[in-house]
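# Reading the structure
Listed here are the chains, written in short residue letters.
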Amino acid sequence: MSEIIEKETRILIVDDTPKNIQAAAAILSKQGYQLAFDEDGESALLHTKSVNFDLILLDIVMPGTDGFEVCRRLKAEPETRQIPVIFLTAKTDTKSIVKGFETGAADYVTKPFNESELLARVNTHLELARHRNRLEKMVRERTRALKVVMDIREEISEENEKKIKANLFSRIFPMIETLREMLNKPRQKACLDIITSGVDEILSDFSRKLSSAHFNLTPSEIQVAGLIRDGKSSKQIAHLLCLSENTVIFHRRNIRKKLGLTDRGKNLKTVLKSME
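To start, this report covers the structure provided alongside it. (Residues numbered from 1 in each chain as written. Predicted model: local features only at pLDDT ≥ 70, side-chain atom pairs only at ≥ 80, totals over all residues. Heavy atoms only, no water.)

## Overview of the overall build of the protein
Tallying secondary structure elements over the protein gives 11 helices and five strands in all. The buried share among the 276 residues of the protein stands at 34%. The long-range fraction of contacts in the protein, counting pairs at least 24 apart against all pairs at least 6 apart in sequence, stands at 59%. With the model as given, the accessible surface of the protein reaches about 16,900 Å², and the carbon-plus-sulfur share is 54%. (Helix = DSSP H or I, 4+ residues; strand = E, 2+ residues; numbered from the N terminus. Buried < 20%, exposed > 50% of the residue type's maximum accessible area, 1.4 Å probe, protein only. Contact = heavy atoms within 4.5 Å. Areas by Shrake-Rupley, 256 points an atom, 1.4 Å probe, with all protein chains shown as cover.)

This is the structure in structure tokens:
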């Protein structure tokens with residue numbers, strides 16, 4: 001059974017005593033809320049499946065399904081778990097109040113009702129729910145916007161990757177082969193090998209993983225990571241890349257941080273090898 005009073009905000013009053021429903025309705029109707037009434041727990045649960053209520057005033061002691069169980073079942077359903085529930089109770093003992101909060105109630109009001117108290121609690125929880133809904137809407141909108149940005153970024157990354165690969169194959173690799181034929185000194189050949197290795201890294205799945213938005217390693221960090229994976233020490237990497245050892249150590253720390261390796265016990269080389 002239900003009676004409807006027009007207004008956008010919908011409140012469901014559940015109490016097995018009609019006199020209590022009338023008392024609450026007399027107070028809330030002055031605010032123009034849209035009100036609906038049920039006299040037992042099962043009817044109230046059924047009612048919430050067809051109407052999106054903004055708040056529920058729920059009696060604790062009712063025949064059959066009591067208020068605690070109704071609240072528990074409301075909070076177990078995704079469609080109704082966000083509805084604020086205020087218990088209507090003649091019970092003021094701490095145990096009942098604590099049990100009410102444990103089942104998911106937002107607040108409680110004692111009977112007989114004090115008009116100012118009832119209105120204050122109802123208005124407070126309606127306003128809190130509105131703020132929460134606005135925040136959730138903002139989060140959803142920003143999440144959608146972020147997804148669009150990430151999709152665009154992915155498309156740009158894929159397009160840039162194609163251009164880089166085309167340039168590498170058409171320009172860089174032929175130049176490397178020409179230099180290989182021209183250079184004779186061991187130091188020159190070693191430098192050329194480093195360049196070749198670096199180009200190979202750019203084309204590898206390993207490099208793509210590390211440069212992805214998930215890890216976001218810089219080109220220098222990817223180069224250092226590749227040498228760490230190959231078993232080179234910080235000193236050897238510094239010599240090969242013409243860097244100071246402190247710079248290599250700095251890169252190591254950044255790589256660990258970006259890979260989420262907060263546990264000092266995890267071996268960086270082993271983790272990098274697993275990413276090949």
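## Overview of the packing of aromatic side chains
Within this structure, the stated rule accounts for two aromatic pairs. With 5.6 Å between their ring centres and 80° between their planes, phenylalanine 68 and phenylalanine 87 make a pair best called edge-to-face. With a gap of 19 residues between them, phenylalanine 68 in helix H3 (residues 67-76) and phenylalanine 87 in strand S4 (residues 85-89) connect regions that are remote in the sequence. What makes phenylalanine 87 buried here is its relative accessible area of 2%. With a centroid separation of 6.3 Å and an interplanar angle of 75°, the aromatic rings of phenylalanine 101 and tyrosine 108 are classed as edge-to-face. Tyrosine 108 sits in the partly exposed class, given a relative accessible area of 25%. Between the NZ or CZ atom of arginine 121 and the centre of the ring of tyrosine 108, over which it lies, the distance is 5.8 Å. (Phe/Tyr/Trp six-rings, centres within 6.5 Å; stacked < 30°, edge-to-face > 60°. Lys NZ or Arg CZ within 6 Å of the ring centre and 35° of its normal.)

## A short note on the side chain of aspartate 38
Of note, aspartate 38 is situated in strand S2 (residues 34-38). There is a polar contact of 2.6 Å between the side chain of aspartate 38 and the side chain of histidine 47. (Polar contact = N/O pair within 3.5 Å; in protein donor to acceptor, adjacent residues only side chain to side chain.)

## Some details on unusual backbone geometry
Residue proline 112 follows lysine 111 across a cis peptide bond; omega there is 0°. Mapped onto the elements, proline 112 comes out in the loop between strand S5 (107-110) and helix H5 (115-182). Although it is not a glycine, asparagine 216 adopts a positive phi angle of roughly 60°. Position of asparagine 216 among the secondary structure elements: in the loop between helix H7 (205-211) and helix H8 (219-229).

## Considerations on a nonpolar patch on the surface
On the surface, Leu146, Val149 and Met150 cluster together into a nonpolar patch covering about 260 Å² of accessible area. Among the structural elements, methionine 150 can be located in helix H5. Since its relative accessible area comes to 34%, methionine 150 is described here as partly exposed. (Patch = residues over 30% accessible without salt bridge, like charges linked within 9 Å, V, L, I, M, F, W, Y side chains within 5 Å. Salt bridge = Lys/Arg side-chain N within 4 Å of Asp/Glu carboxyl O.)

## Some remarks on the packing of H8 against helix H10 (residues 245-258)
It is at 10 Å that the axes of H8 and H10 come closest, and there the two elements cross at 90°. Between H8 and H10, the angle falls in the class roughly perpendicular. Side by side, H8 and H10 meet where Ser220, Glu221, Val224, Ala225 and Ile228 of the first sit next to Val248, His251, Arg252, Asn254, Ile255 and Lys258 of the second. Looking at side-chain class alone, the contact of H8 with H10 contains five nonpolar, three polar and three charged residues. (Axes fitted to C-alpha atoms, helices over the stretch in contact; angles between N-to-C directions. Parallel < 35°, antiparallel > 145°, perpendicular 65-115°, else oblique. Nonpolar A, V, L, I, M, F, W, Y, C, P; charged D, E, K, R; others polar.)

## Quick word on the pairing of S2
Burial runs high along S2: five of the five residues are buried. Here S2 shows no split at all, with Gln34, Ala36 and Asp38 on one side and Leu35 and Phe37 on the other all buried. Note: strand S1 (residues 10-14) against S2, five bridges, orientation parallel. Each bridged residue has a counterpart across the sheet, and for isoleucine 11 the counterpart in S2 is leucine 35. For the handedness criterion, the β-α-β arrangement of S1, helix H1 (residues 18-28) and S2 is classed as right-handed. (Pairing = 2+ DSSP bridges. Right-handed = clockwise from strand over helix to strand, strands pointing away.)

## Quick notes on the sheet that holds strand S3 (residues 55-59)
If you trace the five strands from one edge of the open sheet to the other, you get S2-S1-S3-S4-S5, paired in parallel fashion. Here the strands that pair on one side only, and so sit at the sheet edges, are S2 and S5. Ignoring strand direction, the axes of neighbouring strands in this sheet form an average angle of 20°. Relative to S3, S1 is paired through four bridges, and the arrangement is parallel. Bridge pairing in S3 places leucine 12 opposite isoleucine 56.

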